[in-house]
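Below, each chain spelled out in residue letters.
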Amino acid sequence: MRKTTFAPDLTRVQLKELQRELQSELARIERTARLDTAHGESDSWASDNGAGGGTAVLDSAIVTMPPSRAAARSAAVREALDRMTRGSYGICMRCAQPIPYARLIAMPETPFCVSCGARA
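Remember, predicted model here, so these are calculated numbers, not experimental data. Per chain, residues are indexed from 1 in the order of the written sequence. Side-chain atom pairs in this predicted model are given and counted only at pLDDT of 80 or more, local residue features only at pLDDT of at least 70, and totals for whole chains, interfaces and linings cover all residues. Only hydrogens and water are removed before side-chain values are computed, so all heavy atoms of the structure are retained for them.

Caption draft 1: The environment of Gly117, seen in detail. One can find Gly117 in helix α5 (residues 114-119). Distance from Gly117 to Arg94, taken between C-alpha atoms, is 8.9 Å for residues 23 residues apart in sequence. The contact partners of Gly117, leaving out residues within four places of it in the chain, are Arg103 and Phe112. We count a stretch as a helix when DSSP gives it H or I for four or more residues in a row; a strand needs E for two or more, and each element gets its number in order from the N terminus. Contacts are assigned to residue pairs that have any heavy atoms within 4.5 Å of one another.

Structure below.
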């Protein structure tokens, strides 16, 4: 088994930028979860927000989401940060090809390139 490394087309600056974005996203998710719990909104998300809608909570950058969606998003972000620690971030987990920087900017938590992501 070959050891994976960071995608060869990612610079240290790009990796740091992506890491900051992932850490910020994780902090937003956790802050939202704390606000929802403090306001008792986690159990009433569907009735308070309507179908497919989100409600700004104290900060316009924080949008509540169903608890199951928040948990899944948090797990995906944590997994991406773990891949950074292991040195495998930016490499597709299915085909082992580099994930383009533009895709990582759009979806920094993605473990798949565009082609493999379409099949997932």
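The discussion continues.
Caption draft 2: Geometry of the nonpolar core. Note on terminology: a nonpolar core comprises buried Ala, Val, Leu, Ile, Met, Phe, Trp, Tyr and Cys residues joined through side-chain atoms within 4.5 Å. Accessible area is worked out with a 1.4 Å probe on protein chains only. A residue is then buried under 20% of its type maximum, exposed over 50%, and partly exposed in between. One finds Leu10, Leu22, Met84 and Tyr89 to be the most contacted residues of the largest nonpolar core, which totals 19 residues. Contributions of two or more residues to this core are made by α1 (12-38) and α3 (67-86). For Leu22, the contacting residues outside a window of four places in its chain are Val77, Ala80, Leu81, Met84, Tyr89, Pro108 and Glu109.

Caption draft 3: Up close: the side chain of Gln14. Along the polypeptide, Gln14 turns up in helix α1. Non-local contacts of Gln14, meaning those with residues more than four positions away in its chain, are made with Asp9 and Tyr101.

Caption draft 4: Expanded view of α3. Over its 20 residues, α3 runs 28 Å from end to end, which matches the ideal 28 Å to within 8%, given 1.5 Å per residue. Along α3, the residues that are buried comprise Ala70, Arg73, Ser74, Val77, Ala80, Leu81, Arg83 and Met84. Gly87, located one to two residues past α3, shows a positive phi value of around 90 degrees. A helix's residues, less one, multiplied by 1.5 Å, set its expected span.

Caption draft 5: A look at the side chain of Thr32. Mapped onto the secondary structure, Thr32 falls in helix α1. At 2.8 Å, the side chain of Thr32 forms a polar contact with the backbone oxygen of Arg28. Whenever a nitrogen or oxygen atom comes within 3.5 Å of another N or O atom, the pair is scored as a polar contact, on the condition that within protein one atom can donate a hydrogen and the other can accept it, and that pairs from neighbouring residues in sequence are kept only if both atoms are in side chains.

Caption draft 6: Molecular detail of the packing of aromatic side chains. Put simply, two rings from Phe, Tyr or Trp (the six-membered ring, in Trp's case) pair if the centres are within 6.5 Å, and we call them stacked under 30 degrees between planes, edge-to-face over 60, tilted for the rest. As enumerated under the stated definition, the model contains zero aromatic pairs in all. To sit over a ring, a charge needs its Lys NZ or Arg CZ within 6 Å of the ring centre and within 35 degrees of the ring normal. A cation over a ring is seen here: Arg94 above Phe112, with NZ or CZ 5.3 Å from the ring centre.

Caption draft 7: Quick peek at the pattern of salt bridges. Put simply, a salt bridge is a Lys or Arg side-chain nitrogen that is within 4 Å of an Asp or Glu carboxyl oxygen. Under the counting rule described, the total for this entry stands at six salt bridges. Between Glu25 and Arg73 there is a salt bridge, with the nearest N and O atoms lying 3.2 Å from each other. A residue pair is termed long-range when its members are at least 10 positions apart, and Glu25 in helix α1 and Arg73 in helix α3 qualify at 48 residues. The two residues Glu25 and Arg73 agree in class, both being buried. Of the charged contacts in the structure, one is a salt bridge between Arg78 and Glu30, with a shortest N-O distance of 2.4 Å. Here Arg78, found in helix α3, pairs with Glu30, found in helix α1; they are 48 residues apart in sequence, far enough to count as distant. Residue Arg78 is classed as partly exposed on the basis of its relative accessible area of 43%. Each of Glu21, Glu25, Arg28, Arg73 and Glu109 takes part in a single network of salt bridges with overlapping partners.

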